[in-house]
Amino acid sequence: MPGGKKVVGGGSSGVAPTATAAPSGVRRLETSEGASAQREDEPEEEGEEDLRDGGIPFFVNRGGLPVDEATWERMWKHVAKIHPDGEEVAQRIRGATDLPKIPIPSVPTFQPSTPIPERLEAVQRYIRELQYNHTGTQFFEIKKSRPLTGWADVASYLTNSMPTLERFPISFKTYFSGNYFRHIVLGVNFGGRYGALGMSRREDLMYKPPAFRTLSELVLDYEAAYSRCWHVLKKVKLGQCVSHDPHSVEQIEWKHSVLDVDRLGREDFRKELERHARDMRLKIGKGTGPPSPTKDRKKDVSSPQRGQSSPHRRNSRSERRPSGEKKPSEPKAMPDLNGYQIRV
């Protein structure tokens, strides 16, 4: 991940699903409390959480579309294994000649005058109509390391035509009945109010209209929703704002702040959420005009030296330096600036 990632709290030990290699090359998950159990304080591999669903193993189609024969047959064998009706349900569906045609949702389109809140509701309706895949096989390989150009099929792309709307990922890790569950939504900020787009089996764990005054209010609302279905919130991961440039090769920063709920305590948890919100506002403010190569260069140089320090504090220091200088800039700085612009 990019420099500046902030990890707060370490987490307590516990039993969690782990990923292992299956003979077919597809990673499977185990939830036994033996040697395969993962401690909560062990670091997670990048992308590993994409293959976990509350300890339930599933396959990933890595061959693209259309699905090849081997993946297709493996999917139906897995369906027969995990479905309560077993092989019967697979035979009933595959042998049917009059299956109803599945409606394909239409991507929402907007008039320039359509208010942002109405656009968000339309995007959420579209996401809801996509529904869940219950086959146990994930048809698209999800790689979080992809740049924005590779995420044309998610909510961040559907909101790309809304330049006044800021978007950032929010990931939740919860604990229930011996297993850990992960859920991600797209946080939004419009007019200084926070909300989110997402998909869930629970109505109160997906869409949140942009009506929350602070980021902490939004996250705590999700925590309350989790508690109503007996899930305990363990960690929250917050990313930075996603670029509106559909051709951007910049990778999405998924885990700029990683907050351990138990270790932080209520008040510090709220403070860290607001610290992240301030950091996003600083980056948004920098992006309103042409980028400053001098500031970017200073940030890049200082970032490795400051380790896990707060991004907000680091940005604040880099911004105070130019304003505190009383001497005019030296003439020799001008060639360096031009050279930087040429390289970009």
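Colleague: Break down the overall build of the chain for me, citing the residues and quoting the values.
Modeller: If you tally the helices and strands in the chain, you get 10 helices and 11 strands. Within the chain, buried positions represent 41% of all 344 residues. For the chain, restricting intrachain contacts to residue pairs at least 6 apart in sequence, the fraction spanning at least 24 positions comes to 62%. Total accessible area on the chain is roughly 19,700 Å²; 54% of this is exposed by carbon and sulfur atoms.

Colleague: Residue-level account of the packing of aromatic side chains, with values.
Modeller: If you walk through the whole model with that rule in mind, you get six aromatic pairs. Measuring from ring centre to ring centre gives 5.9 Å for W72 and W76, while their planes differ by 80°; the resulting arrangement is edge-to-face. Taken together, the residues W72 and W76, both in helix α1 (residues 69-82) and four residues apart, mark about one turn of the helix. The class of W72 is partly exposed, set by a relative accessible area of 34%.

Colleague: I'd love a proper account of unusual backbone geometry, names of residues and values included.
Modeller: Here L65 and P66 are connected by a cis peptide whose omega angle stands at 0°. Among the structural elements, P66 can be located in the loop between β4 (59-60) and α1. The backbone of W230 sits at a positive phi, close to 65°, despite the residue not being glycine. Tracing the sequence through the fold places W230 in the loop between α5 (215-228) and β10 (232-238). With a relative accessible area of 65%, W230 lands in the exposed category.

Colleague: Outline helix α3 (residues 116-130), supporting the account with residue identities and numerical values.
Modeller: Given 3.6 residues per helical turn, the α-helix brings residues three or four places apart onto the same face. Taking 1.5 Å per residue as the helical rise, α3 with its 15 residues ought to reach 21 Å, and the 22 Å between its terminal C-alpha atoms agrees with that figure. Every buried residue of α3 is accounted for by I116, R119, L120, A122, V123, Q124, Y126 and I127. Directly beyond the C-terminal end of α3, a positive phi value near 65° is found at Q131.

Colleague: Before we move on, can you summarise the nonpolar core with the specific residues and values?
Modeller: Judged by nonpolar contacts, the single largest core of 26 residues is most densely connected at I170, F172, Y194, L215, V236 and F269. Of all the secondary-structure elements, those providing two or more residues to this core are β6 (166-176), β8 (193-197), α5, β10, α6 (261-264) and α7 (266-286). Looking at this core element by element, the count peaks at seven residues for α5. What V236 contacts, discounting residues up to four positions off in sequence, is I170, S171, F172, V219, S257, V258, L259 and F269. Formed by 12 residues, the second largest nonpolar core is a distinct cluster that contains I116, Y126, M162 and L165.

Colleague: Can you break down the pattern of salt bridges residue by residue, with the values?
Modeller: Tallied over the entire structure, the rule returns nine salt bridges. Close ionic contact of E223 with R266 constitutes a salt bridge, the shortest N to O distance being 2.6 Å. Of this pair, E223 sits in helix α5 while R266 sits in helix α7; the two residues are 43 residues apart in sequence, bridging distant segments of the chain. Taking relative accessible area as the criterion, R266 reaches 46% and is therefore assigned partly exposed. Across the salt bridge formed by R275 and E272, the nearest N and O atoms sit 3.3 Å from each other. Note that R275 and E272 are positioned in helix α7 at a spacing of three residues, about one turn of the helix. Like E272, R275 is buried.

Colleague: Give a description of the packing of α1 against helix α2 (residues 87-94) that names residues and reports values.
Modeller: Geometrically, a packed helix pair is captured by the angle between its two axes and the distance between the axes. Between α1 and α2, the shortest axis-to-axis distance is 7 Å and the interhelical angle comes to 135°. Viewed along their axes, α1 and α2 adopt a mutual orientation that is oblique. Only E87, V89, A90, I93 and R94 of α2 make contact with α1, whose side of the interface consists of W72, E73, W76, V79 and A80. Split into classes, the residues belonging to the contact of α1 with α2 amount to seven nonpolar, no polar and three charged.

Colleague: Explain the pairing of strand β7 (residues 179-190) residue by residue, including any values.
Modeller: Bridging between β6 and β7 involves 11 bridges; their strand directions are antiparallel. In the sheet register, F168 faces β7, and the bridge partner there is G187. Counted along the chain from β6 to the antiparallel partner β7, the turn is two residues long, and its residue S177 has a positive phi close to 50°. With five bridges joining them, β7 and β8 adopt antiparallel strand pairing. Residue N189 lies in a different strand from β8, and its bridge partner there is Y194.

Colleague: Before we move on, can you summarise the confidence of the model for the chain with the specific residues and values?
Modeller: Summing up the model confidence of the chain, the mean pLDDT is 73 and the portion of residues at 70 or higher is 63%. Below a pLDDT of 50 lies the segment residues 45-53, which in the model reaches 28 contacts outside its immediate sequence neighbourhood of four places, other chains included. Note on residues 329-344: pLDDT under 50 across the span, and seven contacts to partners over four residues away in sequence or across chains.

Colleague: Explain the environment of K81 residue by residue, including any values.
Modeller: Within the secondary structure, K81 sits in helix α1. You can call K81 exposed: its relative accessible area is 64%. The spacing of K81 and G136 is 55 residues in sequence and 9.8 Å in space, taken between C-alpha atoms.

Cut-offs and rules
Residues numbered from 1 in each chain as written. Predicted model: local features only at pLDDT ≥ 70, side-chain atom pairs only at ≥ 80, totals over all residues. Heavy atoms only, no water. Helix = DSSP H or I, 4+ residues; strand = E, 2+ residues; numbered from the N terminus. Buried < 20%, exposed > 50% of the residue type's maximum accessible area, 1.4 Å probe, protein only. Contact = heavy atoms within 4.5 Å. Areas by Shrake-Rupley, 256 points an atom, 1.4 Å probe, with all protein chains shown as cover. Phe/Tyr/Trp six-rings, centres within 6.5 Å; stacked < 30°, edge-to-face > 60°. Expected span 1.5 Å × (residues − 1). Core = buried A, V, L, I, M, F, W, Y, C linked by side-chain atoms within 4.5 Å. Salt bridge = Lys/Arg side-chain N within 4 Å of Asp/Glu carboxyl O. Axes fitted to C-alpha atoms, helices over the stretch in contact; angles between N-to-C directions. Parallel < 35°, antiparallel > 145°, perpendicular 65-115°, else oblique. Nonpolar A, V, L, I, M, F, W, Y, C, P; charged D, E, K, R; others polar. Pairing = 2+ DSSP bridges. pLDDT = per-residue confidence, 0-100.

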